[in-house]
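One-letter residues, chain by chain:
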Amino acid sequence: MRSDPLRYLSDEIDNLKSQGLYRRLRILDGEQKAHASFDHRSVVNLSSNNYLGLTTHPKLRERALDATRTLGVGSGSVRTIAGTMSIHMELERRLADFKRTEATVVFQSGFAANAGTVSSVLGKDDLIVSDELNHASIIDGARLSRATIKVFPHRDATAARAIVRELPRDRRRLIITDGVFSMDGDLGALPELCDVADEFGCIMMVDDAHASGVFGKNGRGTVDHFGLHGRVDIQVGTLSKAIGALGGYVAGSNALIEFLHHRARPFLFSTSHPPAVAAACLAAIDVLETEPALIERLWENTHFFKSGLQALGFNTGASESPITPVIVGDAALAMKLSDALFQEGVFAQGIGFPTVARDKARVRTIVTATHTRDELQFALDCFGKVGRSLGVI
Ligand SMILES: Cc1ncc(COP(=O)(O)O)c(C=O)c1O
């Protein structure tokens, strides 16, 4: 009989189980909404990135259905062969206007946008100066580029400057940060890092996945929020979170975008979005521009919920965004807290190593514009009850 060459994977999984880190996938029974059914249990959903509730917005749904009727379900090719549809070009023009840059290019996901851009813009003789908590897609892109990677402590622009000062000026140097950090909800040191980039002639890049649709005028992101237009060479945004659909994009100069058309591997070697996705994203930009009340409500809910968690005595870290972590330290305790909340009717995912540091396990919460006050108060009451019973507060 053939022995199982993948046996070590089962051993790894047993390991995760013994450390309390094993997670079963929760199954969403219906639509992705503020109140939803997961695993056949009706819960207040604090785990999605659906900041503005656009996953089920009627305008997006209609445009997607219409595009499917008129354009079909798939693009049938990669962008560089036969898969560039006029609706893809229309979306990229709209995004460029929205971001106030010369051009944009859309990728299949935010992950592909980051990894494909960093790995193609930089090469083995170059240097990347990266915040220690940057997203995995940046880290993977940096590794694929084969550039030398220098990591600075989280949000420490002084340390970044000290690193950059020592780097040879005749090499290409990229400074890169998340706009909003996905596990902590704090903002990157963007203004200070832009100063360093300007002073030393570095390329400046921001990953605005969690800032798209959330920060800046009409959700234009952190560059707009901080008034840094023209100082960030490469902006990545996502269409998968607040925009409610799927995809990522890079915004920047015409030269950057044309270069990515020729060199970014996810653009060259993976099929483009179905027309329904592009259509939904176009409708989402309309919504961002015409329904600012959604973003206002997101921020009202954020302040209400964050201050409620703090008043209960939870450690919410340094969050400045709708992402509010409840940091408990031990991974098994975070998973227990998450499970107990779920039993009470609140879905807030437990997160442990390797997504966050070993001693910084947490339950992560994200409120949306579409949560009602009653739902948020219910969630706070559950957090209080479960937090006390587990000795977290
Ligand atoms: C900071 C950050 N960047 C990029 C991504 C990837 O975006 P997408 O989900 O569109 O692939 C994520 C999503 O998890 C993220 O949190």
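Residues numbered from 1 in each chain as written. Predicted model: local features only at pLDDT ≥ 70, side-chain atom pairs only at ≥ 80, totals over all residues. Heavy atoms only, no water.

**Q** Please explain helix H13 (residues 331-344) as it appears in this structure.
**A** It helps to recall that an α-helix has 3.6 residues per turn; residues three or four apart then point in one direction. The terminal C-alpha atoms of H13, which comprises 14 residues, lie 20 Å apart, in line with the 20 Å expected from a rise of 1.5 Å per residue. Along H13, the residues classified as buried are Ala-331, Ala-334, Met-335, Leu-337, Ser-338, Leu-341 and Phe-342. Taken end-on, H13 shows its buried residues confined to a sector of 160°, consistent with a single buried face. Turned more than 90 degrees away from the buried face of H13 sit Lys-336 and Gln-343, all of them exposed. Of the residues one or two after H13, Gly-345 is the one with positive phi, at around 110°. (Helix = DSSP H or I, 4+ residues; strand = E, 2+ residues; numbered from the N terminus. Expected span 1.5 Å × (residues − 1). Buried < 20%, exposed > 50% of the residue type's maximum accessible area, 1.4 Å probe, protein only. Arc of directions from axis to C-beta.)

**Q** I keep staring at the environment of Glu-12 and nothing clicks. Help me out?
**A** With respect to the helices and strands, Glu-12 occurs in helix H1 (residues 7-18). Along the backbone, Glu-12 and Glu-296 are 284 residues apart, and their C-alpha atoms lie at a distance of 45 Å.

**Q** Which parts of the structure should I look at to understand the nonpolar core?
**A** What tends to happen in soluble globular proteins is that the nonpolar side chains get buried as a cluster. With 40 residues, the main nonpolar core has Tyr-51, Leu-52, Leu-91 and Leu-239 as its most contacted residues. Going through the elements one at a time, helix H2 (58-71), helix H3 (86-99), helix H11 (275-290) and helix H12 (292-312) are the ones with two or more residues in this core. Considering each element in turn, this core owes the most residues, 12 residues, to H11. For Tyr-51, the contacting residues outside a window of four places in its chain are His-210, Val-214, Lys-241, Ala-242, Leu-298, Pro-322, Ile-323, Ile-366, Val-367, Thr-368 and Ala-369. In terms of nonpolar packing, the next biggest core, distinct from the first, is built from 24 residues, Ala-348, Ala-361, Val-363 and Val-386 among them. (Core = buried A, V, L, I, M, F, W, Y, C linked by side-chain atoms within 4.5 Å. Contact = heavy atoms within 4.5 Å.)

**Q** Just to check I follow, could you spell out the sheet that holds strand S2 (residues 41-45) for this structure?
**A** Hydrogen bonding along the main chain pairs the strands of a sheet, whether they run parallel or antiparallel. Taken in spatial order, the 3 strands of this open sheet run S1-S2-S11, and their pairing is mixed. Each end of this open sheet is capped by a strand with a single partner; those strands are strand S1 (35-38) and strand S11 (346-347). Bridge count between S2 and S11: 2 bridges; the pairing is parallel. Bridging across to S11, Val-44 finds its partner in Val-346. (Pairing = 2+ DSSP bridges.)

**Q** Honestly, the site of the ligand in this entry has me stumped. Any pointers?
**A** Taken together, 15 residues sit near the ligand, with Gly-110, Asp-207, Thr-238, Ser-240 and Lys-241 positioned nearest. In this structure, Gly-110 approaches the ligand through a main-chain N or O atom, which is 2.7 Å from an oxygen atom. In terms of residue count, the dominant contributor to the shell around the ligand is helix H4 (residues 110-121) (3 residues). Classifying every residue of the shell around the ligand by side-chain character gives 2 nonpolar, 10 polar and 3 charged. (Near = heavy atom within 4 Å. Polar contact = N/O pair within 3.5 Å; in protein donor to acceptor, adjacent residues only side chain to side chain. Nonpolar A, V, L, I, M, F, W, Y, C, P; charged D, E, K, R; others polar.)

**Q** I tried to follow a nonpolar patch on the surface on my own but got confused; where do I start?
**A** A surface patch of nonpolar side chains, about 300 Å² in accessible area, is lined by Leu-6, Tyr-8 and Leu-9. In this structure, Leu-9 sits in helix H1. Of the residues examined, Leu-9 reaches a relative accessible area of 37% and is grouped as partly exposed. (Patch = residues over 30% accessible without salt bridge, like charges linked within 9 Å, V, L, I, M, F, W, Y side chains within 5 Å. Areas by Shrake-Rupley, 256 points an atom, 1.4 Å probe, with all protein chains shown as cover. Salt bridge = Lys/Arg side-chain N within 4 Å of Asp/Glu carboxyl O.)

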